[in-house]
Amino acid sequence: MERLTFEGNFCDIAQCRELPCPYNGACSQRKVWERLKAYEDTGLTPEEVDTLKKDWSYLCTVVGECGGLDRVKELAEADKDGRVVVLPCKVGDTVYWVHSTVITECRVHRIQMNRNGLYICLKSTMSHGAFRVDLCLGKNVFLTREEAEKALNEGRDDNG
């Protein structure tokens, strides 16, 4: 973006020094010029300012929903230390388990961690039994039916 202002004193540029300033240097033209200069000094375009405003508003909302700035700092430290796990789903979500040539719609019943890793416990929406599979999303457990059908079809293609 082309600058409209430049370094220097507004009164010198406007040649006000030759006349006695009735505003004692506080005229509205000088205020506009100084404000525009401060904005141009940021190097941001109007579009970038709009984006920043939206991002800042969103960030403030997220921080508030996460429990405030102290909580966000705590989570950031835990993440930095490798103590944060972001789960791809939550208890109660619907997932699709592909086994043999069947897609079974299931609900996430429980997510647990043991010495062998992270496990997801599923409950079929068709039967009353619950079963546990390791967290193998993208291999035989999928978040959408479309993904499960695609994997099932690819498995058929691989097997002839």
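Refer to the structure printed above.
Fair warning: this is a prediction, and the values are worked out from it, not measured in the lab. The written sequence of each chain sets the order in which its residues are numbered from 1. The predicted origin of the model limits local features to residues at a pLDDT of at least 70 and limits the giving and counting of side-chain atom pairs to 80 or more, whereas totals for whole chains, interfaces and linings rest on all residues. Side-chain descriptors were evaluated using all non-hydrogen atoms of the structure, hydrogens and water having been removed beforehand.

**Notes on the overall build of the protein**
Line of reasoning, step 1. Numbering of helices and strands runs from the N terminus; a helix is a DSSP stretch of H or I covering at least four residues, while a strand is a stretch of E covering at least two. Along its length, the protein carries five helices and five strands.
Line of reasoning, step 2. Going from N to C terminus, the protein has its helices and strands arranged as α-α-α-α-β-β-β-β-β-α.
Line of reasoning, step 3. In this description, contact between two residues means that some pair of their heavy atoms is separated by no more than 4.5 Å. Here the analysis covers contacts within the protein between residues at least 6 apart in sequence; of these, 36% occur between residues at least 24 apart.
Line of reasoning, step 4. Surface exposure here means Shrake-Rupley accessible area, sampled with a 1.4 Å probe, where a residue is shielded only by the protein chains that are shown. Of the accessible surface of the protein, which amounts to about 12,200 Å², a share of 53% is contributed by carbon and sulfur atoms.

**Examining the pairing of strand β3 (residues 117-124)**
Line of reasoning, step 1. In terms of burial, β3 is a largely internal element, six of the eight residues being buried.
Line of reasoning, step 2. In this sheet, β3 lies alongside strand β2 (residues 102-114) in antiparallel orientation, the contact comprising eight bridges. Looking at the pairing, Ile 111 lines up with Ile 120 of β3.
Line of reasoning, step 3. The criterion for strand pairing is that DSSP finds at least two bridges linking the strands in question. The turn joining β2 and β3, which pair antiparallel and follow one another in sequence, is formed by two residues. Exposed residues in this analysis have more than 50% of their type's maximum accessible area, buried residues have under 20%, and partly exposed residues fall in between, with area computed by a 1.4 Å probe over protein chains only.

**Description of the nonpolar core**
Line of reasoning, step 1. Ranked by size, the top nonpolar core spans nine residues in total: Cys 89, Val 95, Trp 97, Cys 106, Val 108, Ile 120, Leu 122, Cys 136 and Val 141.
Line of reasoning, step 2. Those elements that place two or more of their residues in this core are β1 (94-99), β2 and β3. The criterion is simple. A nonpolar core is a set of buried Ala, Val, Leu, Ile, Met, Phe, Trp, Tyr and Cys residues joined through side-chain atoms within 4.5 Å.

**Regarding helix α2 (residues 28-41)**
Line of reasoning, step 1. Its 14 residues place the ends of α2 20 Å apart at the C-alpha level, agreeing with the 20 Å of an ideal helix rising 1.5 Å per residue.
Line of reasoning, step 2. Those residues of α2 that fall on the buried side of the exposure criterion are Trp 33, Lys 37 and Glu 40. On an axial view of α2, the arc spanned by its buried residues comes to 65 degrees, and they lie on one face. The exposed residues of α2 that point more than 90 degrees off its buried face are Ser 28, Lys 31, Val 32 and Arg 35.
Line of reasoning, step 3. Directly beyond the C-terminal end of α2, a positive phi value near 80 degrees is found at Gly 43. Any helix carries an expected span of 1.5 Å times its number of residues minus one. Note: the arc covers the axis-to-C-beta directions of the helix.

**Here we look at unusual backbone geometry**
Line of reasoning, step 1. Even without being a glycine, Ser 100 presents a positive backbone phi close to 55 degrees.
Line of reasoning, step 2. Looking at the element boundaries, Ser 100 is found in the loop between β1 and β2.

**Some points on the pattern of salt bridges**
Line of reasoning, step 1. For this document, the term salt bridge refers to a Lys or Arg side-chain nitrogen within 4 Å of an Asp or Glu carboxyl oxygen. All chains considered together, the criterion is met by eight salt bridges.
Line of reasoning, step 2. One salt bridge in this structure joins Glu 40 and Arg 3, with 3.9 Å as the shortest N-O distance. In this pair, Glu 40 is assigned in helix α2 and Arg 3 in the segment before α1 (10-13), connecting sequence segments 37 residues apart.
Line of reasoning, step 3. On the basis of relative accessible area, Glu 40 is assigned to the buried category, the value being 8%.

**Side note on a nonpolar patch on the surface**
Line of reasoning, step 1. Taken together, the side chains of Val 85, Leu 87 and Met 113 make up a nonpolar region of the molecular surface, amounting to roughly 300 Å² of accessible area.
Line of reasoning, step 2. Mapping Met 113 onto the fold places it in strand β2.
Line of reasoning, step 3. By relative accessible area, which is 57% here, Met 113 ends up exposed. Each patch is built from residues that are more than 30% exposed by relative accessible area and take part in no salt bridge. Like charges join if they lie within 9 Å; nonpolar side chains (Val, Leu, Ile, Met, Phe, Trp, Tyr) join within 5 Å.

**Notes on the side chain of Glu 40**
Line of reasoning, step 1. A polar atom in the side chain of Glu 40 sits 2.7 Å from the backbone nitrogen of Leu 4.
Line of reasoning, step 2. Sequence-distant contacts of Glu 40, that is, excluding residues within four places in its chain, are made with Glu 2, Arg 3, Leu 4 and Thr 5. N or O atoms closer than or at 3.5 Å make up a polar contact, with two conditions inside protein: a donor-capable atom paired with an acceptor-capable one, and, for residues adjacent in sequence, both atoms drawn from side chains.

**Description of helix α3 (residues 46-65)**
Line of reasoning, step 1. Between the first and last C-alpha of α3 there are 29 Å, a value that for 20 residues agrees with the 28 Å anticipated at 1.5 Å per step.
Line of reasoning, step 2. Positive backbone phi, at 105 degrees, marks Gly 67, one or two positions downstream of α3.

**Some thoughts on the pairing of β2**
Where a strand is regular, its side chains alternate between the two sheet faces.
Line of reasoning, step 1. One ladder, built from six bridges, connects β1 with β2; its direction is antiparallel. Bridging from a neighbouring strand, His 99 pairs with Val 102 of β2.
Line of reasoning, step 2. Hairpin connection, β1 to β2: the antiparallel pair is bridged by two residues, and Ser 100 has positive phi, about 55 degrees.

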